[in-house]
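Results of the structural survey
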Amino acid sequence: MGIDATYVMGNYGQRSLRMERGKGVYLFDSEGRRYLDFTAGIAVCSLGHAHPAVTDAVARQAETLIHCSNLYENVEQNQLATRLAELSGLDRVFFCNSGTEANEAAMKLVRKYFAESAGVNRTEIVSLPGGFHGRTYGALSLTAKPKYQAGFRPLLPDCVTPASYDAVVDCITEATAACFIEVIQGEGGVTPVPVHVLHNIQAKCREVGALLVVDEVQTGVGRTGTFFAYDQLELKPDVVTMAKALANGIPIGALLARGEVAQAFTPGSHGSTFGGNPLAAGVANAVLNVVTSPGFLEHVKEIGMYLGQQLSLLGDDVRGRGLMWGITVPDASAFVAAATRKGILLTAVGEQRVRFVPPLIIERANVDEMVACLSTIS
Ligand SMILES: *Cc1c(COP(=O)(O)O)cnc(C)c1O
């Protein structure tokens, strides 16, 4: 039987490593080589690999119930929704299986909310330049990057992305249902959006009655040192989307909304076969036990600050927060390739930006190991 990639579609391009197992902050390839993982499955494996809390939760659910469909309630989903509501201050949660699906659901929710409330027909959705919201048609229509959109037109109508941050407020009008923002644009080069821009957007949304949607798919679940990145910025979103790290690699996405908005999802209006099943929700509950345990987010802040300082030894324009950082180098893919040869896994986000999103359990010694390995290539 073939074990090469001949029959796998080519959308990921050439993949030079074959990963076999992981333990903590390390991955091991099929040749037995060890890599220090500053990618964490693209900000997914926040507790690292083979974390006992995750392993136990997977095993427990496999022994009791993996899936029962949303025809029936399940306690794990109820508990997870309760905890996410408490953590966000929002009221109700819908579960799906990925970030793009969470944003897709958010787009449907905000349009339906306006279609059914107060006689105004608001269908426009505004997003930011440099943003990334996913690859399905709705989310892709909010991701105004030619590289992602080319060849897939026509996209969804009534999606507006201006060319600069400052122009966003002018696009938010009484025809706008919602504005989607990221606090730090992860795929957009680990670029924190200036705080005044975010506050102006929030103010304009309130002024014209549009909804504020914060995409916390990459920044959420403690990545930036607080449970949500917006917690640090006096933002009060109406809707929040989550995915990536929520179940440490078991697929799950979540859409959180203020009560009045959430009511737009009435029986039959939206759904997902797998969404929030006992396996995914059970593992997410186990992840939240760890992430919300005393001292965990302080660790993220402390190691994050140290990582941010150390990164100035490796590149320019060091930007980020918590354990989500980017640096500028002359050639990002060459830098990532050289790092890989030295046993450090990184991702390029743009021609010149390199992203560092290690597991949140990383220690100072791991940061030192990474810097020592990479200081010889830059
Ligand atoms: C990764 C990402 C998405 C898409 O998530 P998928 O699970 O890949 O569909 C959406 N928004 C942001 C901010 C992301 O980082």
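Data block above holds the structure.
Read on for an overview of the structure. Residues take numbers from 1 onward in each chain, read along the sequence in its written order. Where local features are concerned, this predicted model is filtered to residues with pLDDT of at least 70; where side-chain atom pairs are given and counted, the filter is 80 or more; whole-chain, interface and lining totals use all residues. Here the side-chain values reflect all heavy atoms present in the structure, with hydrogen atoms and water set aside.

Looking now at the sheet that holds strand E13 (residues 316-321). Spatially, 4 strands are ordered E13-E14-E17-E16 in an open sheet, and the strand pairing comes out antiparallel. The open sheet has two free edges, formed respectively by E13 and strand E16 (347-348), since each of these has just one partner strand. Where E13 meets strand E14 (residues 324-328), 4 bridges bridge the pair, whose relative direction is antiparallel. Paired with Arg321 across the bridge in E14 is Met324. Throughout, a residue-residue contact means that at least one pair of heavy atoms, one from each residue, lies within 4.5 Å. Here, axes are lines fitted to C-alpha atoms. For helices the fit covers the stretch in contact, and angles between N-to-C directions go from 0 to 180 degrees. Only DSSP runs of H or I covering at least 4 residues are called helices, and only runs of E covering at least 2 are called strands; the numbering of each starts at the N terminus. Sitting on the sheet, helix H11 (residues 296-311) is in contact with E13, E14 and strand E17 (353-356), with an inclination near 5° to E14. Think of it this way: DSSP has to see at least two bridges between two strands before they count as a pair.

Here we come to the environment of Glu369. The residue Glu369 is located in helix H13 (residues 364-374) in this model. Exposure is judged per residue with a 1.4 Å probe applied to protein chains only, and the accessible area is read against the type maximum: over 50% gives exposed, under 20% gives buried, and values in between give partly exposed. By relative accessible area, Glu369 is classed as partly exposed at 27%. Separated by 333 residues in sequence, Glu369 and Leu36 have C-alpha atoms that sit 8.6 Å apart.

With that settled, consider the environment of Arg60. Within the secondary structure layout, Arg60 lies in helix H2 (residues 52-64). Not counting chain neighbours up to four residues away, the residues in contact with Arg60 comprise Glu76 and Gly282.

Mapped onto the elements of the fold, Thr347 is located in strand E16. In this view, Thr347 contacts Thr39, Val336, Arg353, Val354 and Arg355; residues no more than four positions away in its chain are not counted.

Turning our eyes to something else, we now look at the packing of aromatic side chains. For this analysis, a ring pair means two rings from Phe, Tyr or Trp (six-membered ring only for Trp) whose centres lie within 6.5 Å, classed as stacked if their planes differ by under 30 degrees, edge-to-face if by over 60, and tilted for the remaining angles. One pass over the full model with this rule turns up 6 aromatic pairs. Here the aromatic rings of Phe94 and Phe265 are separated by 6.0 Å at their centres, their planes lie at 80°, and the arrangement is edge-to-face. Taken as a pair, Phe94 in strand E4 (residues 92-96) and Phe265 in the loop between helix H9 (259-262) and helix H10 (278-291) lie far apart in primary sequence, 171 residues in all. We note that Phe94, like Phe265, is buried. Taking the centre distance of 4.9 Å and the plane angle of 70° together, the rings of Tyr113 and Phe114 count as edge-to-face. Of the two residues examined, Tyr113 and Phe114, each falls in the buried class. Every member of this aromatic cluster is reached through a ring pair, and the members are Phe227, Phe228 and Tyr230. Working rule: Lys NZ or Arg CZ, within 6 Å of ring centre, within 35 degrees of ring normal, means a charge sits over the ring. Looking at Arg21, its charged tip hangs above the ring of Phe28, at a distance of 4.0 Å from the centre. Seen from the ring of Tyr306, Arg364 lies directly overhead, with NZ or CZ sitting 4.1 Å from the centre.

Time to look at H2. Across its 13 residues, H2 extends 18 Å between first and last C-alpha, which sits within 8% of the 18 Å expected from 1.5 Å per residue. Restricting attention to buried positions, one finds in H2 the residues Val54, Ala57 and Gln61. One face of H2 carries all of its buried residues, which in axial projection span an arc of 65°. Among the exposed residues of H2, those pointing more than 90 degrees away from its buried face are Pro52 and Glu63. One fewer than the residue count of a helix, multiplied by 1.5 Å, yields its expected span. In this description, the arc belongs to the directions extending from the helix axis to the C-beta atoms.

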